[in-house]
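Structural features, examined
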Amino acid sequence: MPEEAPMSTVDAEDAVLYEAGPPGVAILTFNRPDRLNAWGPDIAAGFYAGIDRAEADPAVRVIVVTGRGRGFCAGAHLGAPGSASGLGESMEKAGRTSLADLVGERPPHFVTTLRKPVIAAINGSCVGIGLTQALMCDVRFAAAGAKFAAVFARRGLIAEFGISWILPRLTSWGVALDLLLSGRTFLAGEAAELGLVKEVVAPDDLLRRALEYAGDIAQNCSPASMAVIKRQVYGDATRGVAEATSHAEVLLREAMPRPDVIEGIVSFLEKRPPQFPSLTPSDAWSARKG
């Protein structure tokens, strides 16, 4: 079975568990295993609260997101099988309802605007909005055998919540169209071949490996540098190369006086681990500009 995040002091009834991992790492665990962690208002609210807590905590430098049980997030929570008879009326009502009431107050791409790296440890089914959420994380690990699918066309829907933006950027136009038009299921091994996940790991080793990777970043990479690099990568996705290069020059001039640069060089020369300063809540605006 996929490794589950330790429960420690968290409330097992919470839709999303929040706990400390290795130094500098926070773990958010989707905690509705009975429905394969299908996305709903309860998970959305818990996820946003956990993300905000981790972003505001100077001790947290990296965030790991995973699921409890057999699913990472198996799409949107559509209700019990017995509710199918009233589905037409429900969908007509949904068409008149704010998306925030259905999936939460923030779109999945808000994860790309965070200052801190977000690592997905995909322990099982990763489907629909669950796939979108995972793809908006910065790095992804997957358990061997985990199932993926962009099932929107098979539900009569469209490519939702920004997946039509992120998927071609992680793979290619051809791969994105294949996955979106067919809605087919594919396994973790193919996801790695397509570039959607960094590594496929034995289920029992998944969380350990993701935390090992996150812990290394937390210990050895400048939080300020990572915040700016995230801003560059996602911002440059809509810029031409000349504009991206010019923008990088401005950012480099801003970075040079920072203590992080001095510490990074001195620690390298002294052959010791770096001691980079943490981000504080007051750093939020400067880290997200541009």
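Coordinates for the structure precede this section.
Residues numbered from 1 in each chain as written. Predicted model: local features only at pLDDT ≥ 70, side-chain atom pairs only at ≥ 80, totals over all residues. Heavy atoms only, no water.

1. Some words on the side chain of Glu-160
- Residue placement: Glu-160 occurs in the loop between β8 (147-149) and α5 (163-170).
- Although Glu-160 is buried, it forms no salt bridge, and the closest oppositely charged side chain is Arg-155 at an N-O distance of 9.5 Å.
- When neighbours within four sequence positions are excluded, Glu-160 is seen to be in contact with Thr-132 and Phe-152. (Helix = DSSP H or I, 4+ residues; strand = E, 2+ residues; numbered from the N terminus. Buried < 20%, exposed > 50% of the residue type's maximum accessible area, 1.4 Å probe, protein only. Lys, Arg positive; Asp, Glu negative; His and termini not counted. Salt bridge = Lys/Arg side-chain N within 4 Å of Asp/Glu carboxyl O. Contact = heavy atoms within 4.5 Å.)

2. Thoughts on the sheet that holds strand β3 (residues 62-67)
- With mixed pairing, six strands are arranged side by side in an open sheet as β1-β2-β3-β5-β7-β10. Edge positions in the open sheet fall to β1 (16-20) and β10 (199-201), since each of these has one partner strand only. Between one strand axis and the next, the sheet turns through 20° on average, direction left out of account.
- Across six bridges, the pairing between strand β2 (residues 25-30) and β3 is parallel. Paired with Phe-30 across the bridge in β3 is Gly-67. (Pairing = 2+ DSSP bridges. Axes fitted to C-alpha atoms, helices over the stretch in contact; angles between N-to-C directions.)

3. Describing empty space enclosed by the protein
- According to the stated counting rule, one finds one cavity of 30 Å³ or more in the structure shown.
- A volume near 40 Å³ is recorded for the largest cavity.
- Looking at the largest cavity, the residues that line it are Pro-58, Val-60, Arg-61, Arg-115, Lys-116, Pro-117, Pro-223, Met-226, Ser-278 and Leu-279.
- Looking at the lining of the largest cavity residue by residue, the classes come out as six nonpolar, one polar and three charged.
- Residues lining the lining of the largest cavity come from more than one domain, with at least three contributed by each of domain 1 (16-79 + 91-219) and domain 2 (222-283). (1 Å grid on protein atoms, 1.4 Å probe; cavity = no way out; pocket = protein on both sides within 12 Å on 5 of 7 lines; lining within 4 Å. Points joined across faces, edges and corners; volume = space filled by probe spheres on them. Nonpolar A, V, L, I, M, F, W, Y, C, P; charged D, E, K, R; others polar. Domains from an automatic or database assignment.)

4. What about helix α1 (residues 41-56)?
- An ideal rise of 1.5 Å per residue puts 22 Å on 16 residues; α1 measures up with 22 Å between its terminal C-alpha atoms.
- Listed as buried for α1 are Ile-43, Ala-44, Phe-47, Tyr-48, Gly-50, Ile-51, Ala-54 and Glu-55. What you see down the axis of α1 is that its buried residues fit within an arc of 165°, all on one side. Opposite the buried face of α1, at more than 90 degrees from it, the exposed residues are Pro-41 and Arg-53. (Expected span 1.5 Å × (residues − 1). Arc of directions from axis to C-beta.)

5. Overview of the nonpolar core
- With 48 residues, the main nonpolar core has Phe-30, Trp-39, Phe-47, Phe-72, Ile-122, Phe-148 and Ile-163 as its most contacted residues.
- Of all the elements, α1 adds the most residues to this core, at six residues. (Core = buried A, V, L, I, M, F, W, Y, C linked by side-chain atoms within 4.5 Å.)

6. Re the environment of Arg-184
- Inspection of the secondary structure puts Arg-184 in the loop between α6 (173-182) and β9 (185-187).
- Taking C-alpha positions, Arg-184 is 8.4 Å from Phe-148, a pair spaced 36 residues apart along the chain.
- In contact with Arg-184, other than residues within four places in its own chain, are Phe-148, Ala-149, Ala-150, Arg-154, Asp-178, Leu-179 and Glu-190.
- A polar contact is formed between the side chain of Arg-184 and the side chain of Asp-178, at a distance of 2.9 Å. (Polar contact = N/O pair within 3.5 Å; in protein donor to acceptor, adjacent residues only side chain to side chain.)

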